[in-house]
Amino acid sequence: MSQMITIELNGEQQPFPPGSSVSDLLAIIGSDGKSVAVVVNEQIIRPENRLSHLLQEGDRVELLMFAGGG
């Protein structure tokens, strides 16, 4: 089995399988990705790039949830 990488997800250290994409991360946490903005190392990852953007050891990932209001 491959060794896990560690990323910082919303301020918490989290292990992930090496070679995981942003899309994989969203699937692992149970998000459909439609109401979430993803920022990796202060760079916004657009939905069309989530599958190709691979997470690296030490990446800082922020997931921002959109909420409706009124």
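Look above for the structure.
Small disclaimer: the values here were computed from a predicted structure and weren't measured.

**Here's the deal with helix α1 (residues 22-29)**
So, point 1. Those residues of α1 lying buried are V22, L25 and L26. Within α1, the buried residues cover an arc of 95° as seen down the axis, which keeps them to one side. In α1, those exposed residues whose orientation departs by more than 90 degrees from the buried face are A27 and I28.
So, point 2. In this structure, the buried side of α1 is in contact with β1 (5-9), β2 (12-16), β3 (36-40), β4 (43-45) and β5 (60-65).
So, point 3. Near the N-terminus of α1, the side chain that reaches the backbone nitrogen of S23, with its oxygen 3.3 Å away, is that of S21.

**Examining unusual backbone geometry**
So, point 1. For N10, which is not a glycine, the phi torsion comes out positive at approximately 50°.
So, point 2. On the secondary structure map, N10 appears in the loop between β1 and β2.
So, point 3. In the Ramachandran plot, E42 falls in the positive-phi region, its phi being about 70° despite a non-glycine side chain.
So, point 4. With respect to the element layout, E42 can be found in the loop between β3 and β4.

**A word on the pattern of salt bridges**
So, point 1. According to the stated counting rule, one finds two salt bridges in the structure shown.
So, point 2. Among the ionic pairs, R60 bridges to E42, the shortest N-O distance being 3.7 Å. On the criterion of sequence distance, the pair formed by R60 in strand β5 and E42 in the loop between β3 and β4 is long-range, its members being 18 residues apart.
So, point 3. The shortest N-O distance in the salt bridge between E48 and R46 comes to 3.0 Å.

**Some remarks on the nonpolar core**
So, point 1. Counting 14 residues, the largest nonpolar core has I7, L25, V38, L55, V61 and L63 as its most contacted members.
So, point 2. Counting residues per element, the ones that place at least two in this core are β1, α1, β3 and β5.
So, point 3. Excluding its chain neighbours within four sequence positions, the residues that come into contact with I7 are E12, Q13, Q14, F16, L25, L55, Q56, D59 and V61.

Procedures and definitions
- Residues numbered from 1 in each chain as written.
- Predicted model: local features only at pLDDT ≥ 70, side-chain atom pairs only at ≥ 80, totals over all residues.
- Heavy atoms only, no water.
- Buried < 20%, exposed > 50% of the residue type's maximum accessible area, 1.4 Å probe, protein only.
- Helix = DSSP H or I, 4+ residues; strand = E, 2+ residues; numbered from the N terminus.
- Arc of directions from axis to C-beta.
- Contact = heavy atoms within 4.5 Å.
- Polar contact = N/O pair within 3.5 Å; in protein donor to acceptor, adjacent residues only side chain to side chain.
- Salt bridge = Lys/Arg side-chain N within 4 Å of Asp/Glu carboxyl O.
- Core = buried A, V, L, I, M, F, W, Y, C linked by side-chain atoms within 4.5 Å.

It is worth stressing that arrangement in space is one thing and function is another; only the former is reported here.
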